[in-house]
Amino acid sequence: MKKLTIFLILCICCLAVADMDARPKKKKRVRKRVRTTRVVTRPTIHENPYLCCEDTCEHIHGLDMSHYQGEVFWETVGRNTKMSYVYLKATEGGDRIDPQYERNIDLAHRHGLKVGSYHFFRPMVDLQLQLNNFKTQCLPGEQDLIPMLDVETVGKLSTAAFCDSLFKFLNLLEEEYHQKPLVYTFRNFYNKHLLGKLDDYQLMVAMYADEPPVLDDQRDYIIWQYTCKGRIMGVAGQVDKSYIMGDHTLHELRFIH
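Being a predicted model, the structure only gives us computed values, none of them experimental. (Residues numbered from 1 in each chain as written. Predicted model: local features only at pLDDT ≥ 70, side-chain atom pairs only at ≥ 80, totals over all residues. Heavy atoms only, no water.)

**A word on the environment of Tyr190**
Relative to the helices and strands, Tyr190 resides in helix H6 (residues 187-194). Taking the relative accessible area as the measure of exposure, Tyr190 reaches 0% and is therefore buried. Remark: the alpha-carbon pair of Tyr190 and Asp216, spanning 26 residues in sequence, is separated by 8.8 Å. Excluding residues that lie within four positions of it along the chain, Tyr190 makes contacts with Thr185, Leu195, Gly196, Leu198, Leu203, Leu215, Asp217 and Arg219. (Helix = DSSP H or I, 4+ residues; strand = E, 2+ residues; numbered from the N terminus. Buried < 20%, exposed > 50% of the residue type's maximum accessible area, 1.4 Å probe, protein only. Contact = heavy atoms within 4.5 Å.)

So, in structure tokens, the structure goes:
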């Protein structure tokens, strides 16, 4: 009896093994490896102010400086030979004088930069007062570059009244310095108030973007100010940086003595 029981157990085990072998086997799932390409986007100067445009291109680069930059170490700035020129704020309106102007123009010259001076225009302030204010600081013998007029506000004037004031002052500057000044303005300000009106003047256009601005009248301009948040050795804070456009040269802005 015991032998029969053992025999029956062996038979049941064999049948169970045969049944398992007869079942369809699941295919082993093979996971395909998908190759992915990581795209690394290079930051722009507007995302990283320590990225220096002048290190990556062949343009002639320069600065716009005033008392907002504090005390500048011009010897250090001068060592950066890729900075070729600087426009220094001299005056604003009828009586404001930039407190760093005299120091800046002396040391910028001493350390090798081509220097020009600018006046911040207040269209509602007496024009002769503004001219007299600028004349006290912008001395012809200290200038390498033509004077620049910074035009950013209409005050409370209409566009027509603003333009009348502006062109009278531009004429006064030309009579005083015997050459047409450079006009600095923002792209949107130009498109709104000055479109087609400044054909006889060289322009510096400010727009803080990754591509040069296009004016609505397709007007050419000589300098693009591309950032107000640049960094440079010798200056603790942020600086306005610009460069000469296309086939233009800095020679076109030379002060004629």
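Additional details are given in the paragraphs that follow.
**Overview of the pairing of strand S1 (residues 61-65)**
Most of S1 sits inside the fold, with five of its five residues counted as buried. Here S1 shows two buried faces, one formed by His61, Leu63 and Met65 and the other by Gly62 and Asp64. Where S1 meets strand S2 (residues 83-92), five bridges bridge the pair, whose relative direction is parallel. Across the sheet, the residue bridging to Gly62 is Tyr85, located in S2. Of the pairings in the sheet, the one linking S1 to strand S9 (residues 239-244) comprises four bridges and is antiparallel in character. Looking across to S9, one finds that Gly62 is bridged to Ser242. (Pairing = 2+ DSSP bridges.)

**Some words on the nonpolar core**
Core analysis: the biggest nonpolar cluster contains 50 residues, and Met65, Trp74, Val86, Phe162 and Leu194 have the highest contact counts within it. Excluding residues that lie within four positions of it along the chain, Phe162 makes contacts with Phe121, Pro123, Val151, Thr153, Val154, Leu157, Phe189, His193 and Leu194. Formed by 15 residues, the second largest nonpolar core is a distinct cluster that contains Tyr118, Leu182, Tyr184 and Ile223. (Core = buried A, V, L, I, M, F, W, Y, C linked by side-chain atoms within 4.5 Å.)

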